[in-house]
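If you want the building blocks of each chain, they are given just below.
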Amino acid sequence: MATCGKRHNEFLSMFKQMTLRGFLTRHAHNEGLDPSLICLIENIASACRVIGDRLRNAVFEDNLGLAGETNVQGEDQKKLDVIADEAFIRICGSSPRLAALVSEEREDAMWFKEPQAGDFLLFYDPLDGSSNTDVNLSVGSIFSICNVETNGDRDIQKAGRSQNCSGYAIYGPTMMLVLTVGSGVFGFSCEYGTGDFRLTHPRMTIPTETSEFAINASRYRFWDAPVRRYVDECLAGNTGPRGRDFNMRWTASMVAEVHRILTRGGVFLYPADDGNRAAGGKLRLLYEASPMALLVEQAGGAATDGHSRILDLQPKGLHQRVPVILGSANEVGRIAKYHTADAGSAAS
Ligand code: AHM
Ligand code: MG
C-alpha cells in the first residue's frame, strides 16, 4: 500500500510540473509580465525545439561539418549554425511586437517594423559552442530580450541591465530551456513525446562558495597576472593559500558551463589575454555575456569583466567582445579583487 501511495504521489508531482505557457501566464497575472512577451518567449522555445530536432538528426540529414562560409566574426560557419539562425528568424520573426533582432551569424541588425515604445529587441547566439557538434557534446542557444524605449528609437546597443528576459536552451541528454524574466531563474525540461517544456528546476540558485573552476588552460601563456594568480592558487590545492583542493572542467561550450554552474556552483573564466586582447576578449557582450550575466545574478551569483559588472557595460558595437568571469559570488569577488590589486600595483 505504501509503495502504491508513493507512486501515486510521484505521478501527481510529475503531473503538476507546470508548462512554460502556464508559468508565463501565471507570471503575467501575478507579477505584471507583459503578455506580448509571452508570445516571443514561446516562439523562442519553438525555435529551440526545431534546432534540437535538427541537431538530433544532423548525421542523417548530412548537416554536420562546415557550411563553407565565414560569419561576421571571421569564424567558419557550421551548417548547423546556419540552420539554427534560420530557425530563429523564421519562427521568432512572426512575433507581432518584435522590432529587430541581432544574431551572432549576421553582421547587421534585422528590422521587422518601425519601432514603437514597448516593442522587443531580440539578441541571440543561435548555436553556441558549435565546435562541439561534430563530437556529439552539449551545445546551446542563448537569447536576450530588451524593450524599445521610445517610438522610432533604433538604438540597439543596450546595456545588459536593461534586459527584461534572458535565457538559453541546452541540447544535452535532456533538452532544457532555462530563463529569467527578471526575478529568479527557472529551468524547463522538454518532455519527450509531447515536446512540452515543463518546470522541473524552479528557482535555480548558485551557491556562493565553490571548489570548481572552468577555463581553457591551454591559454595559460597568454593570461594576465591576476588570472594566473587565481588559477595557480586553485591548482596548489590544500597545500597552497586556498587550503583546499579544486576541481577543473572545460567543455568549450559556454551554455554547458553555465548550466553546470547554475546546477552545482562553480566559476567560469574567459578572460582577455595576450592572444585575444586586440579583439576585446572571446565572448560577445550582447548575446553571450549579458544574457548569461543576468541569469547568473538572478541565481545569486556574480558576473564581471574583471573590473566592471558585465550588466553595466555599455556596448560599443553589435558584436563587441568582452572578458567574462562569472559564477559563485565569492570566487568572482576574489578574482575581481586580484584584478584591482594588479591594476593598483601597476599604477604605483
Ligand atoms: P561560438 O559562439 O563561436 O561557439 O564561440 C563561443 C564558445 C563558448 O561557448 C566557449 O566558452 C568558447 O567559445 C570556447 O572557446 P575555446 O575553443 O577557445 O575553448
Ligand atoms: Mg557563442
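Residues numbered from 1 in each chain as written. Chains lettered and ligands numbered in written order. Predicted model: local features only at pLDDT ≥ 70, side-chain atom pairs only at ≥ 80, totals over all residues. Heavy atoms only, no water.

Caption draft 1: How the structure looks around the sheet that holds strand E4 (residues 110–111). Read from one edge of the open sheet, eight strands run E4-E3-E5-E6-E7-E8-E9-E10, paired in mixed fashion. Each edge of the open sheet carries a strand with a single partner, namely E4 and strand E10 (197–201). In this fold helix H7 (residues 285–298) packs onto strand E3 (98–103), strand E5 (120–128), strand E6 (139–147), strand E7 (163–171) and strand E8 (175–180), with an angle of close to 100 degrees to the strand it touches most, E7. (Pairing = 2+ DSSP bridges. Helix = DSSP H or I, 4+ residues; strand = E, 2+ residues; numbered from the N terminus. Contact = heavy atoms within 4.5 Å. Axes fitted to C-alpha atoms, helices over the stretch in contact; angles between N-to-C directions.)

Caption draft 2: Inspection of the coordination of the magnesium ion (ligand 2) at higher detail. Surrounding the magnesium ion (ligand 2) are the protein donor atoms Asp-125 (OD), Asp-128 (OD) and Glu-288 (OE), at 1.8 to 2.0 Å. In primary-sequence terms, the residues that donate to the magnesium ion (ligand 2) follow D-x2-D-x159-E. (Donors = N, O, S within 2.8 Å, 3.2 Å for Na, K, Ca; no water.)

Caption draft 3: Spatial organisation of the packing of aromatic side chains. The tally for this structure, following the rule as stated, stands at seven aromatic pairs. Note on Phe-23 and Phe-188: the rings are 5.1 Å apart at their centroids and 70 degrees apart in plane angle, and the pair reads as edge-to-face. On the criterion of sequence distance, the pair formed by Phe-23 in helix H2 (residues 20–31) and Phe-188 in strand E9 (residues 186–190) is long-range, its members being 165 residues apart. Both residues of the pair, Phe-23 and Phe-188, count as buried. Here a set of aromatic residues connected by ring pairs shows up, and it is made of Phe-23, Phe-186 and Phe-188. Note that Arg-97 overlies the ring of Phe-120, its terminal NZ or CZ placed 5.9 Å from the centroid. The aromatic ring of Trp-111 is capped on one face by Arg-154, whose charged end is 4.5 Å from the ring centroid. (Phe/Tyr/Trp six-rings, centres within 6.5 Å; stacked < 30°, edge-to-face > 60°. Buried < 20%, exposed > 50% of the residue type's maximum accessible area, 1.4 Å probe, protein only. Lys NZ or Arg CZ within 6 Å of the ring centre and 35° of its normal.)

Caption draft 4: Structural view of the site of ligand 1. Surveying the vicinity of ligand 1 reveals 17 residues, the closest of which are Asp-128, Gly-129, Asn-216, Met-254 and Tyr-270. For ligand 1, an oxygen atom lies 2.5 Å from a polar atom in the side chain of Tyr-270. In the model, an oxygen atom of ligand 1 is placed 3.1 Å from a nitrogen or oxygen of the Arg-284 side chain. Surface burial for ligand 1 is 85%, taken as the share of its 470 Å² of free accessible area covered by protein chains. When contributions to the shell around ligand 1 are tallied by element, the ones reaching two or more residues are E5, strand E13 (267–270) and strand E14 (283–284). In terms of domain composition, the shell around ligand 1 takes at least three residues from each of domain 1 (2–201) and domain 2 (212–347). (Near = heavy atom within 4 Å. Polar contact = N/O pair within 3.5 Å; in protein donor to acceptor, adjacent residues only side chain to side chain. Areas by Shrake-Rupley, 256 points an atom, 1.4 Å probe, with all protein chains shown as cover. Domains from an automatic or database assignment.)

Caption draft 5: The arrangement of the packing of H2 against helix H3 (residues 35–56) in detail. Interaxial distance between H2 and H3 falls to 11 Å at its minimum, and their mutual angle equals 160 degrees. Relative to H3, the element H2 lies roughly antiparallel. For the crossing formed where H2 meets H3, the hand is right-handed. Listed contacts from H3 to Leu-20, Arg-21, Leu-24, Thr-25 and Ala-28 of H2 are Ile-38, Ile-41, Glu-42 and Ala-45. For the contact of H2 with H3, the residue count by class is six nonpolar, one polar and two charged. (Parallel < 35°, antiparallel > 145°, perpendicular 65-115°, else oblique. Left-handed = near helix turned anticlockwise from the far one by under 90°. Nonpolar A, V, L, I, M, F, W, Y, C, P; charged D, E, K, R; others polar.)

Caption draft 6: Region of interest: the domain arrangement of the chain. Partitioning the chain into structural domains gives domain 1 (2–201) and domain 2 (212–347). For domain 1 versus domain 2, the separation of C-alpha centres amounts to 24 Å. Facing the 45 residues of domain 1 at the interface are 30 residues of domain 2. Contact with domain 2 buries area across many residues of domain 1, yet Ile-142, Gln-157 and Tyr-168 alone supply 21% of it, more than any other trio. Across the domain 1-domain 2 interface, the total number found is two salt bridges. Taking the shortest distance from any N to any O, the salt bridge between Asp-312 and Arg-161 comes out at 3.2 Å. Counting only elements with at least two residues in the side of domain 1 that touches domain 2, the list comes to E3, E5, E6, E7 and E8. A per-element tally of the side of domain 1 that touches domain 2 places E7 first, with seven residues. (Buried area = accessible area lost by both parts, 1.4 Å probe. Salt bridge = Lys/Arg side-chain N within 4 Å of Asp/Glu carboxyl O.)

Caption draft 7: Molecular detail of the sheet that holds strand E11 (residues 212–214). Pairing is mixed across the open sheet formed by five strands, whose spatial order is E12-E11-E13-E17-E15. Single-partner strands in this sheet number two, and they are strand E12 (247–249) and strand E15 (302–304). Taking the axes of each pair of neighbouring strands and ignoring which way they run, one obtains an average angle of 15 degrees across the sheet. Here E11 runs beside E12; their pairing, made up of three bridges, is parallel.

Caption draft 8: Representation of unusual backbone geometry. We note that Asn-136 has phi near 60 degrees; this positive angle belongs to a residue other than glycine. Structurally, the position occupied by Asn-136 is in the loop between E5 and E6. Unlike most non-glycine residues, Arg-203 shows phi in positive territory, near 45 degrees. Mapped onto the fold, Arg-203 is located in the loop between E10 and E11.

Caption draft 9: The arrangement of the environment of Ile-325 in detail. Examined against the element boundaries, Ile-325 turns out to sit in strand E17 (residues 324–327). On the basis of relative accessible area, Ile-325 is assigned to the buried category, the value being 1%. Along the chain, Ile-325 and Arg-309 lie 16 residues apart, while their C-alpha atoms are 9.7 Å from each other. What Ile-325 contacts, discounting residues up to four positions off in sequence, is Val-267, Phe-268, Leu-269, Ala-302, Ala-303, Thr-304, Asp-305, Gly-306, Val-332, Ile-335 and His-339.

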